[in-house]
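# Structural description and commentary
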Amino acid sequence: MSDSMVLSEKEAFSHIDHTALKADTAWEEIETLCKEALHYHMASVCIPAYYVKRAGENFPGLNICTVIGFPLGHNSVDAKLTEAVTAVKDGASEIDMVINLCDVKNKNYKKAEREIVLVKEAVGDAILKVIIETCYLSREEKIEMCKAVTAANADFIKTSTGFGPAGAALEDIYLMKEHIGPNVKIKAAGGIRTKEELFAYLDAGSERIGTSSAISILTSAAKSQL
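Let us look at the packing of helix α7 (residues 139–151) against helix α8 (residues 170–179). Direction vectors running N to C along α7 and α8 enclose 45 degrees, while the axes themselves pass 9 Å from each other. Between α7 and α8, the crossing angle belongs to the class labelled oblique. The handedness of the crossing between α7 and α8 comes out as right-handed. In contact with Arg139, Lys142, Ile143, Cys146, Lys147 and Thr150 of α7, α8 contributes Asp172, Leu175, Met176 and His179. In terms of residue class, the contact of α7 with α8 is built from 4 nonpolar, 2 polar and 4 charged.

On to helix α2 (residues 27–39). Two residues of an α-helix separated by three or four positions point the same way, owing to the 3.6 residues in each turn. For α2, spanning 13 residues, the distance from its first C-alpha to its last is 18 Å, which sits close to the expected 18 Å at 1.5 Å a residue. Of all the residues in α2, the buried ones are Trp27, Ile30, Leu33, Cys34, Glu36 and Ala37. Residues of α2 that are buried make contact with β1 (16–19), β2 (44–47), α3 (52–58) and α10 (214–218). One or two residues past the end of α2 sits His41, with phi positive at roughly 55 degrees.

Right, let's talk about the pattern of salt bridges for a bit. This model, assessed by the stated rule, comprises 18 salt bridges. Salt-bridge contacts for Lys187 lead to Asp96; the nearest nitrogen and oxygen are separated by 2.8 Å. With Lys187 in strand β7 (residues 185–189) and Asp96 in strand β4 (residues 94–98), this pair connects stretches of sequence that are 91 residues apart. For the pair formed by Lys187 and Asp96, the shared burial category is buried. Within this structure, Asp17, Glu94, Asp96, Lys129, Lys158, Lys187 and Arg208 form a network of salt bridges that share partners.

The rules behind these values
- Throughout this document, residue positions are counted from 1 along each chain, in the order its sequence is written.
- Residues qualify for local features only when their pLDDT is at least 70, as the model is predicted, and side-chain atom pairs are given and counted only at 80 or more; totals for whole chains, interfaces and linings, by contrast, use all residues.
- The basis for every side-chain value is the complete set of non-hydrogen atoms in the structure, without hydrogens or water.
- Interaxial angle, 0 to 180 degrees, is taken between N-to-C directions of lines fitted to C-alpha atoms, where a helix line uses only the stretch in contact.
- Secondary structure elements follow DSSP: runs of H or I no shorter than four residues count as helices, runs of E no shorter than two count as strands, and numbering proceeds from the N terminus.
- Note on terminology: angles under 35 degrees are roughly parallel, angles over 145 are roughly antiparallel, angles of 65 to 115 are roughly perpendicular, and the others are oblique.
- Definitions for this section: a left-handed crossing has its near helix turned counterclockwise from the far helix by less than a right angle. A right-handed crossing has that turn clockwise.
- Residue contacts follow a heavy-atom distance rule, with two residues in contact if any of their heavy atoms lie within 4.5 Å.
- Nonpolar residues are Ala, Val, Leu, Ile, Met, Phe, Trp, Tyr, Cys and Pro. Charged residues are Asp, Glu, Lys and Arg, and all others, Gly as well, are polar.
- The length a helix should cover is 1.5 Å for every residue beyond the first.
- Under the scheme applied here, a residue whose accessible area is under 20% of the maximum for its type counts as buried, over 50% as exposed, and between as partly exposed, the area being computed with a 1.4 Å probe on protein chains only.
- Each salt bridge in this description consists of a side-chain nitrogen of Lys or Arg and a carboxyl oxygen of Asp or Glu lying within 4 Å of one another.

So, in structure tokens, the structure goes:
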């Protein structure tokens, strides 16, 4: 995101993936999330795959994102492909996939890249965001995954699941900007809890921000009761 510092709070909402991925997330929370995302014109809601179809049926026109291979990424390629295809069939227009960190740690970068290629092919026109879980990676591994995400023609590289020991870090956004291709965008997620942090990530080059706290971050009012 360029020129983010000139964005108003209202405009910043358009870069938010409004997120609810806790293990105990109930439909009531998803319903509120969807209403808020529509009210504030957010980029998407990012929700468990279990709720994708129901959210689409209840909120037509809402941009729905879900996660696959989440949160550890250890699933087989076939399992991730099944998850991805089912999610798109159910109505998801954006998919956030977790890479296989075992492949990365074993230096099997081409294998990690091939998995991304297959998922991208499977989701077709849906947007694919690739979560590399930066908190577990060395600088070399982060650079290699920037190359892999670019070569695989994914749409976004994403910092974190939010379930690891650390989330987004500004230095990783700068590193990604240096090593991704021109057609890859950046999503920062995990631990972004203040307006100053959110705008700093936009200013550093993030096109999307994944957070469950967008309303409290970007408004001074209490959470909307829609």
